Amino acid sequence: MKYLTFEEWEKDVNALPQSQQSEFIRESLRPKYMVHIFGRYFFPEQIQGSDFPHCHIELIHHLSSPTSCGIIMPRGHAKTTWIRIDTLHDIVYQHEGLIMFIAPTITDAKMSFMFIKDQLEDNHLLRQVYGNLVPDFSVRQPRKWSDTHFECRNKVVAIARGAGKGRGINIGGKRPSKIIIDDMEDKEQVQRDYQRKKLRSWLFEVIIPSLDKDCGKFKMVGTVLHYACLLLEVHKRFGGLKRAAIEDADGKPSL
């Protein structure tokens, strides 16, 4: 698929009367293949410039696909940034009903949730196009809006977990439709065989079985830290993206 450039899309936006632009933005950015434009338009502090490296386009494509997969990329390739933006896209368009986010520790997971919640609360451009998705706290009914669990006005729910912690999720009969696993393995844990086995059991016996039976998928994203790491096994079993540590300017592996 040939991806639209930001300049091409922006030209179409600017050609419209201002009164029609918000609706055009909202509808044109709905497909998952438009996440790169969504990121550049709404989050210019995080996504700068007009060109998207090929490796970022590939990353976005696999994050957005309807199947489970492993995504292997070196550190410093904006993996977490695009994971957060992809999650925001899922939220504003209700592409997912229940999203589980797993990081090495609950503190790491909270960092991503803080970014997502901050954008939903304070990104005026995002609120202008998609409306206010923050719960109404004035009504006499509990509203979940914490750094580990939040529920938006449009009914999308997000739960944060630290690696190896907790059971599967089932909220009101709703199971996760998407589980994002971001750099779950760390250098210390991955060196110990029993720690690798413990984390593997948790993933395959607790987390993956908790997915929605009809539409559930998980994305394990990270960097290879050991020849027997869980990320390599996931990629081998489920496919996905595997990028070399050294790449050229176009994001292609340098041999």
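Above this text is the structure in question.
In this text, all values refer to a predicted model and were calculated from it rather than measured experimentally.

Peer 1: Any details on the overall build of the protein? Residues and values, ideally.
Peer 2: Helix and strand counts for the protein come out as ten helices and seven strands. In summary, the protein has a C-alpha radius of gyration of 19 Å against a globular reference of 18 Å for 255 residues, a match within 12%. Referenced to the eigenvectors of the C-alpha coordinate spread, the extents of the protein come out at roughly 60 × 55 × 30 Å. The proportion of buried residues among the 255 residues of the protein is 49%. Long-range pairs, those at least 24 residues apart, make up 70% of the contacts in the protein between residues at least 6 apart in sequence. Entry remark: accessible area of the protein is about 13000 Å², with carbon and sulfur atoms responsible for 49%. Averaging the locations of the 37 positively and 32 negatively charged side chains of the protein gives two centres separated by 7 Å.

Peer 1: An account of the side chain of Arg196 is requested, with residue identities and associated values reported.
Peer 2: Among the secondary structure elements, Arg196 is positioned in helix H9 (residues 193–207). Classification of Arg196 by relative accessible area gives buried; the value is 14%. Separated by 2.8 Å, the side chain of Arg196 and the backbone oxygen of Val190 make a polar contact. When residues no more than four places from it in sequence are discounted, the contact partners of Arg196 are Gln189, Val190, Gln191, His226 and Ala228.

Peer 1: Describe the sheet that holds strand E2 (residues 98–103), listing the residues and the values that go with them.
Peer 2: Spatial ordering of the open sheet is given by E3-E4-E2-E5-E6-E1-E7, a layout of seven strands whose pairing is mixed. Each end of this open sheet is capped by a strand with a single partner; those strands are strand E3 (149–151) and strand E7 (240–242). Averaged over neighbouring strand pairs, the angle between their axes works out to 15 degrees when direction is ignored. The sheet contacts of helix H5 (residues 79–92) involve E2, E3, strand E5 (178–182) and strand E6 (217–222), and relative to E5 the element is tilted by about 165 degrees.

Peer 1: Lay out the packing of H9 against helix H10 (residues 230–238) with the relevant residues and their values.
Peer 2: For the pair H9 and H10, the least separation of the axes is 11 Å and the interaxial angle reads 35 degrees. In this structure, H9 uses Leu199, Arg200, Leu203 and Phe204 to contact H10, whose residues at the interface are Leu230, Glu233, Val234, Arg237 and Phe238. Grouping the constituent residues of the contact of H9 with H10 by class yields six nonpolar, no polar and three charged.

Peer 1: Give a description of the side chain of Thr87 that names residues and reports values.
Peer 2: Tracing the backbone through its elements, the reader meets Thr87 in helix H5. With residues up to four places along the chain from it excluded, the contact list for Thr87 reads Ile99 and Ile116.

Rules used throughout
Residues numbered from 1 in each chain as written. Predicted model: local features only at pLDDT ≥ 70, side-chain atom pairs only at ≥ 80, totals over all residues. Heavy atoms only, no water. Helix = DSSP H or I, 4+ residues; strand = E, 2+ residues; numbered from the N terminus. Rg over C-alpha atoms; globule rule 2.2 N^0.38 Å. Buried < 20%, exposed > 50% of the residue type's maximum accessible area, 1.4 Å probe, protein only. Contact = heavy atoms within 4.5 Å. Areas by Shrake-Rupley, 256 points an atom, 1.4 Å probe, with all protein chains shown as cover. Lys, Arg positive; Asp, Glu negative; His and termini not counted. Charge placed at Lys NZ, Arg CZ, Asp CG, Glu CD. Polar contact = N/O pair within 3.5 Å; in protein donor to acceptor, adjacent residues only side chain to side chain. Pairing = 2+ DSSP bridges. Axes fitted to C-alpha atoms, helices over the stretch in contact; angles between N-to-C directions. Nonpolar A, V, L, I, M, F, W, Y, C, P; charged D, E, K, R; others polar.

This is a description of form; function is not addressed.
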